[in-house]
Structures are given as structure tokens and as C-alpha cells.
Amino acid sequence: MAVAPTHLAFISAFLIILFTSPCIGLFICPSQESQALLFFKEALKVSDGILSSWDNRSDCCSTWEGISCNYATGHVELVNLTAYTNHTEQGLQSGVISSSLCSLPFLKYLILKSIVGLTGNIPSCLGNLSYLQVLVLKNNSLTGIVPPAICLLTNLGHLDVSINQLVGILPPCLGNLTFPRILIVHYSKLTGQVPISLNKLSLLKFLSISGNKFNGSLQLTGLSSLNLLFARDFSLPENVTSSQLALPSSIKVLWLSHITITDSLFDNLAELKFLYVSYCVLNISASWLPSFQLAGLDLVSCSIGGRVPDWLFTQYSLQRLALADDNIVGEIPKWLMENNPQLFLFNISGNHFNGSLFVPSRSIRWMTVFDVSRNAFTGHVASTWPPDLQLLMVNDNSLIGNIPPVGNLSALKVLMMNDNSFRGSIPSEIVQLKQLQILDLSSNNISGVIPHSLGSLKAMTLPREDGHILSSQLNPFQVITKDNGVKSYSGIGPIESIIYQVPSHDELDMTVKGLNLKYAYIFSTLTGMDLSNNQLNGKIPWDFGKLKGLRYLNLSMNNLSGIIPPSLGDMSELESLDLSTNRLSGKIPEEIELATSLAVLNLSNNNLSGSIPQGQQMTTFPNTSCSGNPYLEGCPLPKKCSWPEFTHHPPPNDMENRNVDHRKHIVWYYIGVRLSHVAGYCCVMFLLALRKGWRQKYFKWGDKILKFLFPCIRNRGL
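Residues numbered from 1 in each chain as written. Predicted model: local features only at pLDDT ≥ 70, side-chain atom pairs only at ≥ 80, totals over all residues. Heavy atoms only, no water.

Draft legend 1. Summary view of the overall build of the chain. Each helix and strand in the chain was counted, giving seven helices and 43 strands. In the chain, buried positions account for 50% of the 718 residues. Carbon and sulfur atoms provide 57% of the accessible area of the chain, an area that totals close to 33,000 Å². (Helix = DSSP H or I, 4+ residues; strand = E, 2+ residues; numbered from the N terminus. Buried < 20%, exposed > 50% of the residue type's maximum accessible area, 1.4 Å probe, protein only. Areas by Shrake-Rupley, 256 points an atom, 1.4 Å probe, with all protein chains shown as cover.)

Shown next, in the form of C-alpha cells:
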């Protein structure tokens, strides 16, 4: 039977797709390699359900999680297990890297990252994997040394053993590697000197040795391709010389700490784009003119002479500027921002800047972080802000006036104006900030009622699983590419397009769980509202129960009255609730037991009454959580509730005296009610005794009521 030309063409096309498609392999995973992976899984001691796809009944190349093979040969080329960090109860409890991985002779990529329970040594036999190009063992709990056998990996281009518990020295033989482009060993416990042999790595582009205990000199002039050098906590002499610190001219990103910096350090760094230095002494002459144009500068916790460095006047391309905790005094030079219209991060927190707060104009379109907290600024705040702000921090100054308008800042996620002297009411336009995650207006002179609209802040109403993630400008690490696009950097991939890897806006102060805490790198999960220590009155809005994503709520030290809304029990993510030192009355709602995430509760120094709910949740709180409420019964802990000694400063309106007066009024109120009942009863009896007709009608009406309620009386003819 002849085959039609159209059918023949169809069959030919099908066969071509079948045998050439990258999704359809002709070979399955070799049995010895699948067996090696199963031994590796067994050594990891994974919990049930983790790596469940790894079994003898399926092909490791097609269905196994984290495994990829060469579709022409079927050999395993990639093992990638990551992201078990936040799931220890479901992931790895303990385990080691089995030497069975060394039985994967064609392995090119081995990535074991953020596996909490991964311990033990790095197997030396990994040096036998001659095809290995990427070895990432980052953020685990590995111990022992960096095995010299790694130096045998002649095709290795990317080595990352950072954030472990490794000890010993960095093997000098690493200088014999042929193609390394990325070498990351930061935040372990490595000691000794950085091998001079690393100068032979002419292709190396990224070297990170921060957070170890290296000492001696840092001679890296032979690294002619090096673009990024992270060497924080490197122990250099106080007055470092060129013989002790010598850097290649190719460096674009430099991160140092605990060092005295002179202008000679930058003599040959004309290509430098980003300079991050902390805990330094800046000893640069006033007449020095740099040969570079920076895109990013961090001088944090440095001694820089008490003023903004003069040489910054020559910089016109800054996108990021952080001069934090540098003991700078005086006013902000206006040219600092006017010269750099591309700024997206401006941080001068923790200094002694004074005078009026200079707010950048709308021409600085790209600014997303504006932090002038912990200074001595005075006066009113201007009403214009860069429209794309995501983080606005003017807290801990001496600013006055009403809270400036912020309703047009649609991207704002963090608003901190606490510890100033702002007055007036809370502007209802804050509800327009759909992405707001952190609101702190505490310790001001704000009055009026709490707007009900605050219960509709969208980002605070979303449960945690729906996510509250700030943009990449605020993430712990980010990368800006040559086209100025911002993206996250996974640590794998071509380094050529990367210009810099930038640290995040480091810390955020918030008063939660009764303490003033510093939070680092957690903007993506923290949601909180602090309106404490003001003069707010009225009731707590019932709409606050809609804030299902809120983790911290502090309304203490105000004049709030009324009951505690039962709707607060709907706040499923709430971890800390402070309503202390107000005028709240009524019972503690039973619904508070529904807030199962609640770890800290403070209802002290109010006028609450009745019995305290005796559920399991309430019994976990200390005695002080209910103290100062004399009409409460059944405190959570064996200790008896008693009058507290105030641990907070009273609000500006003498709250303690008014609470005592209010309690006296309650006592006299109940006495008056009882006396009125007695007086009313006596009056009725007196009138019935005087008027016979009224008395007969009263008893007749009483008989009818009794016969209606008790028919048996009527049936007996009574």
C-alpha cells in the first residue's frame, strides 16, 4: 500500500521531533548513578515527603526533584537542592554529604544551598569530578577544612563554600585552577593569610573573603580581571601601606571594614563604581580629587572628620549614598542631592545633622529610600516628596507641625515618623498607601481618634502566605546590570554583566514585644503599626480585625476608651499586642484566644473588669499582662495581679492620676445605683399605702399576672 506524500511528510516531521527534541531523551539514567543518588539521599536523613520523587521506580533524569541529565548520554549533570532553610520541621533534621556523589563522573553542577541540617566535612573525593564547573555549598553547617582536593577540578569556574563553619586556611593550590571566575568563602572561620598564589587567577572576577579571620597583607594586583572584592573584617594594620594592600585597577566594587583609608589607596582605581566601607578612619586631604565617578558610596560608622567629605562635590553619578553613624554635624549640603539626580537610596541616619530638613524635589524621580532618622533636624517638614519612595524614615528628630501629606506615595512600604513633636490628627489619607507594611507614629503629640480606615491598609490585611515583599532595592542583596536594571543575583551565571552587588538598607528599629529591637534584612516579612505614647482618644476601631497580616500592634499610653474589640481575635498573624496605659473598660474578649500567634500581650493599667478568659492562650502570658486592672478576676499566672510600677513614661496628660479618679467614679456610680433602687421602692410603697383605689388595682393586676403565669392557680379557683 502506497503512502501519501502528505502522510510521509507528517511521519518524517514526527520522527525528527522525536529524536531531536531536548525534552525527549533516548537514554535513561544509568542504574549506578541513580543508586549513588539514593545513597546520597539516605545520608541526608530527610523527613517523609521530602525528595519523595527519588525512588527506584522512576527514572532519575525525568522525575527526580533537583536532578538534570544530559539528554544525549543520560548521565547526571546537575544536582541542585536548595531552600530548605525555613522548613526544618519538614526538611532535613541532620545529614552529611555522602561520598556517593563522587560516583557521578559526569557531574557539572553541584548546588547544596541553605540546607539547615547539612553537617560534616566536604568530601575530598569531589576532586575526582573532573567535569565539575560549579560547586556551591553555601549557607549550611559544614565543618572541617576546605579540602585541597578541590584544586584538582580543572574545569571549576564557580566555587562558593560561604556561610558555614569551615576552619583552617584557604588552600594555596587554589591558584592552580584554570578557569575560576567566582570564588566565595565569606562568613566561615577560615584563618591565616590569603594565598599570594591567587594572583595567578587572571580570569577571576568576583572574590569574597569577608567575615573570616584572615590577616596579613592583601596583595591582589595579579587579578587583572577582578571586578568585585568583598573583604570585610580582614585584619589589616591600622595604618595600611601599599605593600600591605595592593588592588588591581580593574576593581569596580570594593567592600572593606576596620581600616584607615588614605587617598593613595585609590591611585589606580579609576574604574571604581561602588565603595562600601564600615568602621573606618577616612584620612583624605581636602584638596584630593578622585579619578573615579562613583555610582554607590557607603561610609558607615566611620570617622570622617565630622563633616561631609569635600570630594563628594565632584561626584555626579551617585545612585546610592549612605553616610550613617559617622558623627557628622551641621546642615545637609544642598548640592549633595542636587548634584546626583539619579539617587535611589539616601541614608544619613545616626548623625548630628541639624537645621531644617531639606527634602529632595520631585526631580529626583528614582529615589526609593530616604532615611534621615536619628539626627537633630528641627522645624516643619516640607509637603513634597519623591513620588517613588518606598521607605521614608524621619524618626528620632525634633520635627514639629502636622504629619506631612504622604497619600500620593503609592509605592510607600515603610513610614516611620516616631519620636518627634508632630501634632494634629492622623491623616486619613494614609489608607491610600496600599503597600504600607510598617507604620510608626509613636512618641509624638498626635491627638484625635484613630481613623477607622487604618483597618483597611491593604498590605496589612494580607496573610503572610500572600507575601509582603519590598522591591529589590531593599532586598539583602541585589545586582545592577550594565543597563541599570535591578535584579536578584542567585550566585550562578555569567558574571560579565554584573557591575555591583549591593548590601541592603541594613537595620530597622521597632518597639515590639516590649523591647526596642533592631531588625536586619526582614522587610519582606515584618508588618507593624505603632501609635503609642500620643494623646489619641476614642475607641479602638473594630476594623482593625481586618489586619490579618499585621504582626505587631502597639496602641499603649494614649487616652483610648471603650471595650477591646472582639474582632482583634481575627488577626491571625498578630504576635505582639500592647494596649496598656489607656482607659479601656469592659471584659477581655474571649475571641482573643483565636489569635494563636500571639506571643506578647499587655493590657495593664486600664479599667478592665470581669473574668479573664481561661483558655490555653491566655495562660501563657505573664502576670504583668493584666496588672493595674483592679476589677479583673483570675489572672493567667499563679501570681496575683497587683498594682504595677510604671515601666513607661506617662503620656503628656498625667494618665496615672486620671485613672485613679476614674476608678473612684466607678465606685460611687455603683453606690448611687443601689440607693436609687431603694428610694424608688419606698416611694411606690408609700403611694399604695395612701391611695386605696390604686392599692386594689395593683393587687388585682398582680393576680392576673400570677394566674397567667401559673395556670394551676386558676384551675384551683384561687
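Draft legend 2. Representation of the side chain of Asn397 within the structure. Here Asn397 is to be found in the loop between strand S24 (391-393) and strand S25 (398-402). Residue class for Asn397 comes out buried when judged on its relative accessible area of 8%. From its side chain, Asn397 meets the backbone nitrogen of Phe377 in a polar contact 3.1 Å long. At a separation of 3.1 Å, a polar atom in the side chain of Asn397 contacts the main-chain carbonyl oxygen of Val394. Excluding residues that lie within four positions of it along the chain, Asn397 makes contacts with Val372, Ser373, Arg374, Asn375, Ala376, Phe377, Asp419 and Asn420. (Polar contact = N/O pair within 3.5 Å; in protein donor to acceptor, adjacent residues only side chain to side chain. Contact = heavy atoms within 4.5 Å.)

Draft legend 3. Examining the pattern of salt bridges more closely. Under the defined criterion, the tally for this structure stands at eight salt bridges. A salt bridge links Asp298 to Arg320, with the nearest nitrogen and oxygen atoms 2.8 Å apart. Residue Asp298 is located in strand S17 (residues 296-300), and its partner Arg320 is located in strand S18 (residues 320-322); the two are separated by 22 residues in the primary sequence. For the salt bridge of Asp325 with Arg374, the shortest nitrogen-to-oxygen distance reads 3.0 Å. Placement of Asp325 in the loop between S18 and strand S19 (329-330) and of Arg374 in the loop between strand S22 (369-371) and strand S23 (376-379) is noted, with a sequence separation of 49 residues between them. For Arg374, a relative accessible area of 30% translates into the label partly exposed. (Salt bridge = Lys/Arg side-chain N within 4 Å of Asp/Glu carboxyl O.)

Draft legend 4. Focus on the nonpolar core. Counting 162 residues, the largest nonpolar core has Phe346, Leu392 and Met529 as its most contacted members. Broken down by element, this core gets its largest block of residues, five residues, from helix H2 (residues 31-44). Beyond its immediate stretch of four places on either side in the chain, Phe346 contacts Leu321, Ile332, Leu336, Met337, Met367, Val369, Phe370, Asp371 and Val372. Among the nonpolar cores identified, the runner-up in size contains 11 residues, and Ala322, Val369, Val414 and Met416 belong to it. (Core = buried A, V, L, I, M, F, W, Y, C linked by side-chain atoms within 4.5 Å.)

Draft legend 5. Just the packing of aromatic side chains, in detail. This structure, assessed with the given rule, holds 16 aromatic pairs. Geometrically, the ring pair formed by Phe353 and Phe377 is stacked, given 6.3 Å between the ring centres and 0° between the ring planes. Placement of Phe353 in strand S21 (residues 352-356) and of Phe377 in strand S23 is noted, with a sequence separation of 24 residues between them. The pair Phe353 / Phe377 is uniform in exposure class, with both members buried. Ring-pair connections join several aromatic residues into one group, and the members of that group are Phe206, Phe230, Trp255 and Tyr276. (Phe/Tyr/Trp six-rings, centres within 6.5 Å; stacked < 30°, edge-to-face > 60°.)

Draft legend 6. Just H2, in detail. Compared with an ideal rise of 1.5 Å per residue, which puts 14 residues at 20 Å, H2 spans 20 Å between its outermost C-alpha atoms and is within 8% of the ideal. Every buried residue of H2 is accounted for by Glu33, Ser34, Ala36, Leu37, Leu38, Phe40, Lys41, Ala43 and Leu44. Its buried side turned inward, H2 meets strand S1 (67-69), strand S2 (76-82) and strand S3 (109-113). Count one or two residues on from H2 and you reach Lys45, which has phi positive near 55°. (Expected span 1.5 Å × (residues − 1).)

Draft legend 7. Structural detail: unusual backbone geometry. Non-glycine residue Asn327 carries a positive phi angle of around 60°. Its location among the elements puts Asn327 in the loop between S18 and S19. The backbone of Ser443 shows a phi angle near 55°, a positive value even though the residue is not glycine. For Ser443, the location among the structural elements is in the loop between strand S28 (438-440) and strand S29 (445-449).

Draft legend 8. Representation of the state of the cysteines within the structure. Enumeration over the complete set of coordinates arrives at five disulfides. Covalent S-S linkage joins Cys102 and Cys125, the inter-sulfur distance amounting to 1.9 Å. Looking along the S-S bond of the Cys102-Cys125 disulfide, the torsion reads about 65°, which is the right-handed sense. In this pair, Cys102 sits in the loop between S2 and S3 while Cys125 sits in the loop between S3 and strand S4 (134-136), placing the two residues 23 residues apart along the sequence. Across the pair, Cys125 and Cys102 agree in class, each one buried. (Disulfide = S-S within 2.5 Å.)

Draft legend 9. The arrangement of the side chain of Ser197 in detail. Turning to its location among the elements, Ser197 is positioned in the loop between strand S7 (191-192) and strand S8 (206-208). For Ser197, a relative accessible area of 17% puts it in the buried group. What Ser197 contacts, discounting residues up to four positions off in sequence, is Pro172 and Gly175.

Draft legend 10. Layout of the environment of Leu457. Mapped onto the elements of the fold, Leu457 is located in the loop between S29 and helix H4 (458-461). When its relative accessible area of 0% is taken as the criterion, Leu457 is described as buried.

Draft legend 11. Structural context of the environment of Ser609. Counting through the fold element by element, Ser609 comes out in strand S42 (residues 607-611). Distance in space between the C-alpha atoms of Ser609 and Pro630 is 7.5 Å, their sequence separation being 21 residues. In contact with Ser609, not counting residues within four places along its chain, are Gly586, Lys587, Ile588, Tyr631 and Leu632.

Draft legend 12. Seen up close, the pairing of S3. Direction of pairing for S2 relative to S3: parallel, over a ladder of five bridges. Bridging across to S3, Leu78 finds its partner in Tyr109. Examined bridge by bridge, S3 and S4 share three bridges and lie parallel to one another. If you follow Leu110 over to S4, its bridge partner there is Leu135. (Pairing = 2+ DSSP bridges.)

Draft legend 13. View of the sheet that holds S42. Ordered by their spatial adjacency, 11 strands build an open sheet running S19-S21-S23-S25-S27-S29-S36-S38-S40-S42-S43, and the pairing between neighbours is parallel. Edge positions in the open sheet fall to S19 and strand S43 (631-633), since each of these has one partner strand only. Of the strand pairs in this sheet, S25 and strand S27 (residues 421-424) are connected by three bridges, and their pairing is parallel. Paired with Asn402 across the strands is Arg423, a residue of S27.

Draft legend 14. Up close: the pairing of S27. In terms of strand pairing, S27 meets S29 through two bridges, oriented parallel. Note on S29: the bridge partner recorded for Arg423 is Asn445.

Draft legend 15. Inspection of the confidence of the model for the chain at higher detail. Per-residue confidence for the chain gives a mean pLDDT of 80; residues scoring 70 or more make up 76%. Across residues 85-89 the pLDDT falls below 50, and counting only partners more than four positions away or on other chains, this stretch makes six contacts in the model. Here residues 466-522 is modelled with pLDDT under 50, and outside its nearest four sequence neighbours on either side it reaches 155 contacts, counting other chains as well. (pLDDT = per-residue confidence, 0-100.)

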